[in-house]
Amino acid sequence: QYLWILLVFFPNTTITKKVMGGYGGILVFSLIHFFIVVASATQENGTAPIEEFNGVFDPFGDPQAAMIGMMRYPNFVTEEWSHVLTWDLFVGRWIWLDGLKRGIFTPHSVLLTNLIGPPGFLLHCATCLVTGKGIV
């Protein structure tokens, strides 16, 4: 959460720009996620059976039930959790960078991205429109 604190409460400071301006943080979390995927895949019963995984993407099946079933596997939950955290941080960082570049207030959008993901991006788009900056 320390990276989110920088983006939300100290968005214009030198330390935030140094820490979040590059891809370092995102790269670290992406590597952690990759490690979790590899470690899970190499363990016996470390991943859900492929049939269950395929059910998540079956348009004629019940993807929601398949996803709920996948949550029975601790490694899947760990993988999904790290996946979501990494992507939310990636999007939050993008919102912050867009705000710096175009002079748009972003802490509210970044915070919402941290809390519930995609609606934070939607709030940023709305903020861009309301401030007359347009959506890039």
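Treat the numbers as computed from the prediction; the structure is a model and nothing was measured.

## Section: the layout of surface pockets
Then step 1. By volume, the largest pocket amounts to about 260 Å³.
Then step 2. Every residue along the wall of the largest pocket is listed here: Gln1, Tyr2, Leu3, Trp4, Phe29, Ile32, Ile36, Trp81, Ser82, Leu85, Thr86 and Leu89.
Then step 3. Breaking the lining of the largest pocket down by element, the ones donating at least two residues are α1 (2-9), α3 (24-42) and α6 (74-102).
Then step 4. Taken together, the residues that form the lining of the largest pocket break down as nine nonpolar, three polar and no charged.
Then step 5. Put simply, the second largest pocket is a space of about 190 Å³.

## Some remarks on the state of the cysteines
Then step 1. Here the structure, examined in full by the defined rule, presents zero disulfides.
Then step 2. In this structure cysteine 125 is a free cysteine whose sulfur lies 6.2 Å from that of cysteine 128, the closest cysteine sulfur available.
Then step 3. A relative accessible area of 12% means that cysteine 125 is categorised as buried.
Then step 4. Among the residues examined, cysteine 128 registers a relative accessible area of 2% and is labelled buried.

## Things to note about the packing of α6 against helix α8 (residues 118-130)
Then step 1. In contact at an axis separation of 10 Å, α6 and α8 are set at 15 degrees when each is read in the N-to-C sense. Compared by their axis directions, α6 and α8 come out roughly parallel. Seen from above, α6 lies across α8 with left-handed handedness. Seen from α6, the contacting residues are Val91, Trp94, Ile95, Asp98, Gly99 and Arg102; seen from α8, they are Gly120, Phe121, His124 and Cys128.

Criteria and thresholds
Residues numbered from 1 in each chain as written. Predicted model: local features only at pLDDT ≥ 70, side-chain atom pairs only at ≥ 80, totals over all residues. Heavy atoms only, no water. 1 Å grid on protein atoms, 1.4 Å probe; cavity = no way out; pocket = protein on both sides within 12 Å on 5 of 7 lines; lining within 4 Å. Points joined across faces, edges and corners; volume = space filled by probe spheres on them. Helix = DSSP H or I, 4+ residues; strand = E, 2+ residues; numbered from the N terminus. Nonpolar A, V, L, I, M, F, W, Y, C, P; charged D, E, K, R; others polar. Disulfide = S-S within 2.5 Å. Buried < 20%, exposed > 50% of the residue type's maximum accessible area, 1.4 Å probe, protein only. Axes fitted to C-alpha atoms, helices over the stretch in contact; angles between N-to-C directions. Parallel < 35°, antiparallel > 145°, perpendicular 65-115°, else oblique. Left-handed = near helix turned anticlockwise from the far one by under 90°. Contact = heavy atoms within 4.5 Å.

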